Amino acid sequence: GGHIRALEGLTCGNLGSDVGNITTVDAGDDPIAQDTLARRLARHENLMVLKRFCQSQMHTLKQKTPAQLSRKDKERLLTLTKRLFKVKKILDKFDDYIANARSQVRRCDTARIRVNGTLAQQCVIRICGRRCPILQPYVASVVRMIAPSRAGIEPLAAEPTAKAG
C-alpha cells in the first residue's frame, strides 16, 4: 500500500496486493511542481480567509459611531487596517506566484507503468490525471495513455522495446 508519484512512470515487479492497503500510483504529472502549486494555493486560501476575517471585524467596528468607539476599539481598528493592508499586498503578489507555479507543472504524455509481475486489482492508477480502472489482476502488463483522454492496460508484450544501439 501507499502512494507513488513519478513524472515519467515506473517499472516494477509486482504492484499492489489483493489483501491489505490500496496502492495509488500517479504518473505523468510532475510531483514536485504539483506540491509547490498545492502549497501556494493553500497559502492563498489562508490569506483570503484572513482578509475576509479582517474585513468582517472592521465592518463590525465601523458600525459604531466615533463617539461609541472605545480606545481598545480604535486600537483594534488600526491593527486590523494594518493587517488588511499587508494581506492585500501579499495577495497582489500571489497571483504571479500561482501563475509561475502553474507554468512549472510538466506533464509527460508518454508516461508508463510497466509491471513485469502482477498488477493487483486493489491499485488505483492515474496516468496524466486519467484514472485507469483495474477490473482484474493483470500479469506482465503496461498502463499508459491509449487515447488522448483515456488510460488503459495492455500486455507487456505489446509494449515496444528499445533497440540496442
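Before any of the text, the structure's been laid out above.
Report follows, based on the coordinates. (Residues numbered from 1 in each chain as written. Predicted model: local features only at pLDDT ≥ 70, side-chain atom pairs only at ≥ 80, totals over all residues. Heavy atoms only, no water.)

1. Observations regarding the environment of Arg40
- Here Arg40 lies in helix α1 (residues 31-62).
- Separated by 57 residues in the primary sequence, Arg40 and Tyr97 place their C-alpha atoms 7.4 Å from one another.
- If we skip the residues at most four places from it in the chain, Arg40 touches Phe94, Tyr97, Ile98, Asn100 and Ala101. (Helix = DSSP H or I, 4+ residues; strand = E, 2+ residues; numbered from the N terminus. Contact = heavy atoms within 4.5 Å.)

2. What to know about the packing of aromatic side chains
- On inspection of all chains with the given rule, the structure shows 1 aromatic pair.
- Here the aromatic rings of Phe94 and Tyr97 are separated by 5.5 Å at their centres, their planes lie at 80°, and the arrangement is edge-to-face. One end of the pair is Phe94 and the other is Tyr97, both in helix α2 (residues 71-104) and 3 residues apart, which spans about a single turn. (Phe/Tyr/Trp six-rings, centres within 6.5 Å; stacked < 30°, edge-to-face > 60°.)

3. Quick notes on the pattern of salt bridges
- Here the structure, examined in full by the defined rule, presents 7 salt bridges.
- Note that Arg52 is salt-bridged to Glu45, the shortest N-O span being 3.3 Å.
- Since its relative accessible area comes to 42%, Arg52 is described here as partly exposed.
- Judged by relative accessible area, which is 40%, Glu45 ranks as partly exposed.
- A salt bridge links Asp73 to Lys64; the nearest nitrogen and oxygen atoms lie 2.7 Å apart.
- Residue Lys64 is classed as partly exposed on the basis of its relative accessible area, which comes to 35%. (Salt bridge = Lys/Arg side-chain N within 4 Å of Asp/Glu carboxyl O. Buried < 20%, exposed > 50% of the residue type's maximum accessible area, 1.4 Å probe, protein only.)

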